[in-house]
Amino acid sequence: MTDKVHLGHRARKRFGQNFLNDAGIIDKIVTAIDPKPGENLVEIGPGLGAITEPVADLSEQLTVVELDKDLAERLIHHPFLGPKLTVHQGDAMKFDFASLITDERKLKIFGNLPYNVSTPLLFHLFEFCDHVEHMHFMLQKEVVKRMVASPNSKAYGRLSVMTQYYCHAMPVIEVPPECFKPAPKVDSAVIRLMPKAPEQRTAKSVKLLNTVCLEAFNQRRKTIRNSLSNLLTAEEIEGLGLDLKLRAENLSLDTFIKIANWIYDNKQ
Ligand code: SAM
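Everything numeric in this text was worked out from a predicted model, so none of it was measured.

### So, the site of the ligand
Taken together, 22 residues lie around the ligand, and Gln17, Leu20, Gly45, Glu66 and Asp91 are the ones closest in. Taking Gly45, its main chain carries an N or O atom lying 2.8 Å from a nitrogen atom of the ligand. Pro46 is positioned such that a nitrogen or oxygen atom in its backbone is 3.3 Å from a nitrogen atom of the ligand. Elements supplying a minimum of two residues to the shell around the ligand: strand S3 (19-20) and strand S5 (62-66).

This is the structure we're talking about:
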């Protein structure tokens, strides 16, 4: 058997399949999720069930969304796990997570995410923030660093601003490549995301906030006078109380919101 075959399944690279294979790390992840019976738990990409099994042992019931048909079938027919799962076979990036809300219970979402689609998947999940209690995701360590980065650092970018707009974010565990089969080429880390209350998310248009970030960070070496020139004149930037010589990485989340809301009020 090659290291690409794990528990009788050949790992599919196109689905970002790197299966967790370290009991100590799995235990730490499950402890962070802290699953309990009666909770509305959702796993993205359960794969061969490395996290699913211990979570189901504690919670008795959970929902999973898995793209790989073979793996979804395996879970449905799994003798012990199958009866505890509601399996949705399909793409989590197109999945309507709000459809899982049937009562007052918010979702507790977790997963060892496919790294090739992690950023668009995170943006999709942010849209459901109001239905979510917390999320725990394994990601590339670099992605976690970017999500929690503060202004004035290299890692600070659109992903930092948008993550911190929606959520309080904190790294939980670092995970080296040898904890997976097959081993990925990069280090990994688990992040905890706690959605902010709606009243803390004060952008009048999230789409516009995202556009301002895109423009500013697309040319992150340039001053905002240049990088924001499609959106604001130099006078307008100064009118907002901002120094024209600042760069995107110097702007806080609140400043990005202030810029986006001014454009919304004055130019939309
Ligand atoms: N949870 C397992 C573990 O920790 O061993 C597997 C993790 S593996 C990194 C990612 C899993 O996500 C795979 O099972 C893969 O088939 C699934 N997957 C990939 N793209 C997906 C998508 N767009 N929607 C749902 N599942 C996806």
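The rest of the description comes next.
### Remarks on the pattern of salt bridges
Opposite charge on two side chains permits pairing when their charged atoms draw close. Following the criterion strictly, the structure yields twelve salt bridges and no others. With a closest N to O distance of 2.6 Å, Arg12 and Asp68 form a salt bridge. With Arg12 in the loop between strand S2 (9-10) and S3 and Asp68 in the loop between S5 and helix H3 (69-76), the pair connects residues that are 56 residues apart, well separated along the chain. The residue Lys108 makes a salt bridge to Glu39 at a minimum N-O spacing of 2.7 Å. Here Lys108, found in strand S7 (residues 107-112), pairs with Glu39, found in the loop between helix H1 (23-33) and strand S4 (40-44); they are 69 residues apart in sequence, far enough to count as distant. Looking at Glu39, the relative accessible area reads 16%, which means it is buried. One continuous salt-bridge network, built from bridges that share partners, spans Arg12, Asp68 and Asp70.

### Notes on the nonpolar core
As a rule of thumb, soluble globular proteins bury nonpolar side chains together. Phe97, Ile109, Phe137 and Phe256 are the most contacted members of the largest nonpolar core, which has 59 residues in total. Apart from residues no more than four positions distant in its own chain, Phe137 is found in contact with Ile44, Ile109, Phe110, Gly111, Leu113, Leu122, Leu125, Ala189, Val190, Ile191 and Leu193. With 23 residues, the next largest nonpolar core counts Ile25, Leu62, Leu85 and Ile173 among its residues.

### Quick notes on the environment of Asp57
Locating Asp57 in the fold gives a position in helix H2 (residues 52-59). Along the chain, Asp57 and Phe80 lie 23 residues apart, while their C-alpha atoms are 9.7 Å from each other.

### Concerning the sheet that holds S7
If you walk across this open sheet you meet the seven strands as S6-S5-S4-S7-S8-S11-S9, and the pairing is mixed. Of all the strands in the sheet, the pair left with one neighbour each is strand S6 (85-89) and strand S9 (167-175). Ignoring which end each strand starts from, the neighbouring axes of this sheet average 20° apart. Relative to strand S8 (residues 132-140), S7 runs parallel, the two being bridged by six bridges. Bridging across to S8, Phe110 finds its partner in His136. Of the strands in this sheet, S4, S5, S6 and S7 touch H2, which is tilted by about 160° from S5. Packing of helix H4 (residues 118-126) onto the sheet brings it into contact with S4, S7, S8, S9 and strand S11 (188-195), and relative to S8 it is tilted by some 175°.

About the thresholds
Residues numbered from 1 in each chain as written. Predicted model: local features only at pLDDT ≥ 70, side-chain atom pairs only at ≥ 80, totals over all residues. Heavy atoms only, no water. Near = heavy atom within 4 Å. Polar contact = N/O pair within 3.5 Å; in protein donor to acceptor, adjacent residues only side chain to side chain. Helix = DSSP H or I, 4+ residues; strand = E, 2+ residues; numbered from the N terminus. Salt bridge = Lys/Arg side-chain N within 4 Å of Asp/Glu carboxyl O. Buried < 20%, exposed > 50% of the residue type's maximum accessible area, 1.4 Å probe, protein only. Core = buried A, V, L, I, M, F, W, Y, C linked by side-chain atoms within 4.5 Å. Contact = heavy atoms within 4.5 Å. Pairing = 2+ DSSP bridges. Axes fitted to C-alpha atoms, helices over the stretch in contact; angles between N-to-C directions.

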